Amino acid sequence: MKITSLHIYGFGKWKDHSIRLSTHSLTVITGANEAGKSTLQQFILFIFFGLPPRKRAFYQPKTGGTIGGRITVYMEAYGEIIIERLDDRDQGEAVCWLSNGEKRGEAFLKKIMGGLSKSVYQSIYSFNAEDLSKLQQLTGEELGEVLLNIGLTGSDQIYQTEKKLEKELNEQFKPKGRNPKLNQELLHLEKVALKRNNMEKEVGDYQLILEKLTKLDENIEEVGIEREKLSRLYYSYQQMKKALPVVQQYHQLVIEEGEDAVPENARMSMREYEDALLPLQSEWRTVRDHKLNKQERLTTVEEALHPFPQEELQSLIDEKLSYQEHEKETARLELQISRANEEMEQEMNRLDLPIQKNALYDYEFPFYLEETWRSLKEEEQQLAQDKAQLKQEIETLGNQEDQTLQQLKNLKDTTISEEEAVEHSELVDRYIHAHSSPSKQANTSTDPKRTYGLAALIFLGGIVLSLVTSQFIPTVVALIFAIGVIVLDKNQRPTEEEKKAPSSITKEMYMKARQELQQFEQAKGEAVYLHEQQKEHEQRRNRLDDRRERLEHMKEDFRKRWEEQIRDYPFLESMKLLHWEKLYHLLKQLKDKQREIAKWQEEAEKHSLKMVEIEEKVSRFFAEQKWEHKEQTMQEKFLAIEKFMNEQKQFLDEMVHLKQEMHLLEKQQNRLEEEMAPLRDQQNELLEAVGAINVSDFYERLDRYEEQQHQIEKKKQLKQQIQMMLTLNEQEGFRVWTLPPTEADIAFEMEKQEREMDDSQVQIKKLQQERADYEYKKNQLESSDELSRLTHQFELDRARFNERAKEWASYKIALDVLTKTKEMYQNQYLPRVFEMAQNYFDQVTLGKYKSLQLDEDQQKIMVQDRNGFYYSTDELSRGTADQLYVCIRLALAKTLSEESAIPFLVDDAFVHFDEARLAIMLQIIQELSKNNQILLFTWRDDIAERVDQGTVNLFQLSKR
């Protein structure tokens, strides 16, 4: 079996999605987490095996719609099969459509799946990374047992079942234990036996027991009445089951309506017409036979003629003119070809093309090649233009950077330093304080709030200006000025020493210092602006570097495309790309000329062949006549043929006479046809009345009409039979005339009635048992026989103990059967599985481990390395154990696929393999895919690059 396509109507995140697989048997489906790989895998399992309703609801599409889809598979025995499964159709059962249009059901699907259940399929033909993670949780001893069981069946179910059975046996009974259930039952039986001997008689309430007995009798009667109703209903279903074949036959009996009524005595009338036509038909056949005799005579005369047909003789004579025309046309075409070759040679010599005329045959110049060469030319020009523009912009940016550096250098050279600015500020402050009035000095020293307010106002103004201009520079300049105002205010406040110190600063010194301070503050603002310019230049430099890098990539792409054209057309290497487009038109013209010459040559060859054909016909005619013709020309041969034909015409006169006689016979035959026509018309009227196209169809329609009447009578008889088998209420209840129940419905209802009747019977037995118990108590009280009651209790407890002992025995038998089954599988399949797994394990471990062997005493797998040392599985590393697990799973699937080649699903099973072992495992997977289709699901994109993409289907899933 091989999957060829999938179409998902709706399943989880997938909706209205199709995947078509090619003829390759290995399919790699990659995608990140949440891309839908696991959902796609569950969809395949859903189509093959279905899902319970609750699990199907989990895959309901979020956007609405039905759950389901179809998978197309190919099998050699059946051809192409479409398997379709919908959640809301036939309770989720599958429908299989065969290539001949035949429809099959779930049973057929199970048959082509080799009878595998979903769990068995997953244990043999499917495994994933989760299986490996479960493997990591086992102890060393458990690991060996699990790997052995996987080699037998593909899963650890045998191991889990063995452990469960052993646990159940130990919980039920231990020879020397006290806690197991059977041990406790034994102790309880001993206590009851002791109590039976020592207990005193318990006196009950006799009146309550009598009332309970009365109530139980009423309950038993009510349940009995209900069971009687169920019995009558069950009897009705039995009757319906008996009548069901007749009901089905009644509904299956389809009477084709609309059949034309047949005239009375139609069959007898048709017989009469046939009897009247018989003598006329006999005479017509006599005339026909006489005409055939004349025809035979005519044939004899024709045989007396020369065996060579007259038409062929005339054809040979007619070929004379054709031969002359072909001869003339051949000479004309050869002259035309010679001239065209000379012109082509002269044109190529004139153009001095770097290509020989004969080599031109090897090249093709498709219509899109002109556009390709033109785009290469335009791309070359555009690249040159972009390169020149980039170079100019780089030079312009360099000039701007140099200009900015020079401006910063000029500012530094033309302004005072920071230290000098501080000294000048102090000089200005001292001069101001020295020449200001005492009141003014007081005002200056006692109004710092005004200074801070002014600084804040300047800073806010800078922020507003930055918001308006979308630049950061005004804010920086405003901050510098605000800080300058605060510093200046503080410096203007005189100290006590300055107030007392005499002024030695002249006005010229003050004016000069003030001017230089103003220049310094202005230069600081310009420096900030120039530094911002440098940052912008750096950003432009980075953008230009990116453009230059993109330009280099474009040049490399252009060079590859140019080299590709040179490889296809080597003669272009010596020519500039600018002239390629013009060269295309010249080569196209030469190529067209070359094709025209080839066409003429082909026509000349056809004319030559026609001449040879005519010569061969004439020569064959002469050879058949055994005429000498080697020394004769074609003209002489044609004259000889004409003479021969004239001689043959004399033999044709007798043929004409015979044909005249045959013409008279033909008239006689037509007369008979006219006499038979009225009878045939009457016969046709009868056919038309019945609606038949011929006599055979007439009798068929007559038979169908009689059969129809028979079917109507039969349906009446079936209806009467059903009415005799079922009562009127049963007919209405089961709707036998409209929608009768199916055999499955009846079986279901009868099974339901049987269960209810059984429940009623159990309830009656329970009530009867309860009544017997109370009757026993009553009798016990009446007889005061306490020993009987204790004996009854002991027997009940012993019966319960026997039931539990049987349950323990069933567990014991199951464990023994499982052990024998393991031994059978071990002897039948395990050697082949181990041999194949040993080969895979040797490749995956790079030759480190050479063989796998089974320790039959301890039932463990032993691994032998290249040095001859043996290791148990619990001595292997976890990574090596994972690799051994994968090898055994693949070997088991390979072994069982010899009987049933079913698609194999692998989901991220190699995520923990290193690069070398991953490569080897992928080679093994590709080798296995030659016999079994394999679908490999993985999140690793590099796996698709590691396989031979020419033999693999690749699909990339993206998050949706």
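Small disclaimer: the values here were computed from a predicted structure and weren't measured.

Caption draft 1: Representation of the overall build of the chain. Helix and strand content of the chain: 29 helices and 14 strands. The buried share of the chain, taken over its 960 residues, is 36%. Nonlocal contacts in the chain, meaning residues at least 24 apart in sequence, comprise 73% of its contacts between residues at least 6 apart.

Caption draft 2: Representation of a negative patch on the surface in the model. Residues Glu418, Glu419, Glu420, Glu423 and Glu426 make up a contiguous surface patch of negative charge. Residue placement: glutamate 419 occurs in helix H13 (residues 418-435).

Caption draft 3: Quick look at a nonpolar patch on the surface. On the surface, Leu479, Ile483 and Val487 cluster together into a nonpolar patch covering about 240 Å² of accessible area. With relative accessibility at 39%, the residue leucine 479 sits in the partly exposed group.

Caption draft 4: Molecular detail of the environment of proline 903. Secondary-structure assignment places proline 903 in the loop between helix H27 (878-896) and strand S12 (904-907). Since its relative accessible area comes to 0%, proline 903 is described here as buried. Along the chain, proline 903 and tyrosine 121 lie 782 residues apart, while their C-alpha atoms are 9.8 Å from each other. Setting aside residues no more than four positions away along its own chain, proline 903 makes contact with Met1, Ile3, Tyr121, Tyr125 and Gln933.

Caption draft 5: Representation of the layout of surface pockets. Approximately 680 Å³ is the volume found for the second largest pocket. Lining the second largest pocket are 24 residues, with Ser425, Gly484, Leu488, Leu517 and Glu521 sitting closest to its centre. Those elements that place two or more of their residues in the lining of the second largest pocket are H13, helix H16 (473-492) and helix H18 (507-568). No other element matches the 9 residues that H16 contributes to the lining of the second largest pocket. Each residue belonging to the lining of the second largest pocket can be placed in one class, and the counts come to 14 nonpolar, 6 polar and 4 charged.

Caption draft 6: Representation of the sheet that holds strand S2 (residues 14-20) within the structure. The strand order across the open sheet formed by 6 strands is S2-S1-S4-S5-S6-S7, and the pairing between neighbours is antiparallel. Taken across any chain shown, the strands that pair with only one partner, and hence form the sheet edges, are S2 and strand S7 (103-104). Sheet topology note: the strand S4 (residues 68-75)/strand S5 (residues 79-86) ladder contains 8 bridges and is antiparallel. Counterpart to tyrosine 74 in the pairing with S5 is glutamate 80. Relative to strand S1 (residues 2-11), helix H1 (residues 37-49) is tilted by about 100°, and along the sheet it contacts S1, S2, S4, S5 and strand S6 (94-97).

Caption draft 7: View of the packing of aromatic side chains. Tallied over the full model, the rule gives 12 aromatic pairs. Measuring from centroid to centroid gives 5.1 Å for tyrosine 237 and phenylalanine 734, while their planes differ by 70°, and the two rings are edge-to-face. Remark: phenylalanine 734 occurs in helix H23 (residues 728-734) and tyrosine 237 occurs in helix H9 (residues 206-252); sequence separation between them is 497 residues. Over the face of the ring belonging to phenylalanine 46 we find arginine 85, whose NZ or CZ atom lies 5.9 Å from the ring centre.

Caption draft 8: Structural view of unusual backbone geometry. Residue arginine 735 is not a glycine yet carries a positive backbone phi of 50°. Although it is not a glycine, leucine 846 sits at a positive phi angle of roughly 60°. In this structure, leucine 846 sits in the loop between helix H26 (830-844) and strand S9 (849-855).

Caption draft 9: Summary view of H1. For H1, built from 13 residues, the straight-helix expectation of 18 Å at 1.5 Å per residue is met to within 8% by its first-to-last C-alpha distance of 18 Å. Counting buried positions along H1 yields 11 of 13 residues, so the element is predominantly enclosed. Buried within H1 are the following residues: Lys37, Thr39, Leu40, Gln41, Phe43, Ile44, Leu45, Phe46, Ile47, Phe48 and Phe49. Once H1 ends, the next one or two residues include glycine 50, with phi positive near 80°.

Caption draft 10: Geometry of the nonpolar core. Grouped together as the largest cluster of nonpolar side chains are 82 residues, with contacts concentrated most on Ile44, Ile83, Tyr121, Leu890, Phe910 and Met921. A total of 9 residues in this core trace back to one element, the largest contributor, which is H27. With 20 residues, the next largest nonpolar core counts Leu376, Leu551, Ile566 and Leu572 among its residues.

Caption draft 11: Highlighting the side chain of glutamine 864. With respect to the secondary-structure elements, glutamine 864 resides in strand S10 (residues 860-865). A polar atom in the side chain of glutamine 864 sits 3.0 Å from the side chain of serine 851.

What counts as what
- Residues numbered from 1 in each chain as written.
- Predicted model: local features only at pLDDT ≥ 70, side-chain atom pairs only at ≥ 80, totals over all residues.
- Heavy atoms only, no water.
- Helix = DSSP H or I, 4+ residues; strand = E, 2+ residues; numbered from the N terminus.
- Buried < 20%, exposed > 50% of the residue type's maximum accessible area, 1.4 Å probe, protein only.
- Contact = heavy atoms within 4.5 Å.
- Patch = residues over 30% accessible without salt bridge, like charges linked within 9 Å, V, L, I, M, F, W, Y side chains within 5 Å.
- Areas by Shrake-Rupley, 256 points an atom, 1.4 Å probe, with all protein chains shown as cover.
- Salt bridge = Lys/Arg side-chain N within 4 Å of Asp/Glu carboxyl O.
- Lys, Arg positive; Asp, Glu negative; His and termini not counted.
- Charge placed at Lys NZ, Arg CZ, Asp CG, Glu CD.
- 1 Å grid on protein atoms, 1.4 Å probe; cavity = no way out; pocket = protein on both sides within 12 Å on 5 of 7 lines; lining within 4 Å.
- Points joined across faces, edges and corners; volume = space filled by probe spheres on them.
- Nonpolar A, V, L, I, M, F, W, Y, C, P; charged D, E, K, R; others polar.
- Pairing = 2+ DSSP bridges.
- Axes fitted to C-alpha atoms, helices over the stretch in contact; angles between N-to-C directions.
- Phe/Tyr/Trp six-rings, centres within 6.5 Å; stacked < 30°, edge-to-face > 60°.
- Lys NZ or Arg CZ within 6 Å of the ring centre and 35° of its normal.
- Expected span 1.5 Å × (residues − 1).
- Core = buried A, V, L, I, M, F, W, Y, C linked by side-chain atoms within 4.5 Å.
- Polar contact = N/O pair within 3.5 Å; in protein donor to acceptor, adjacent residues only side chain to side chain.

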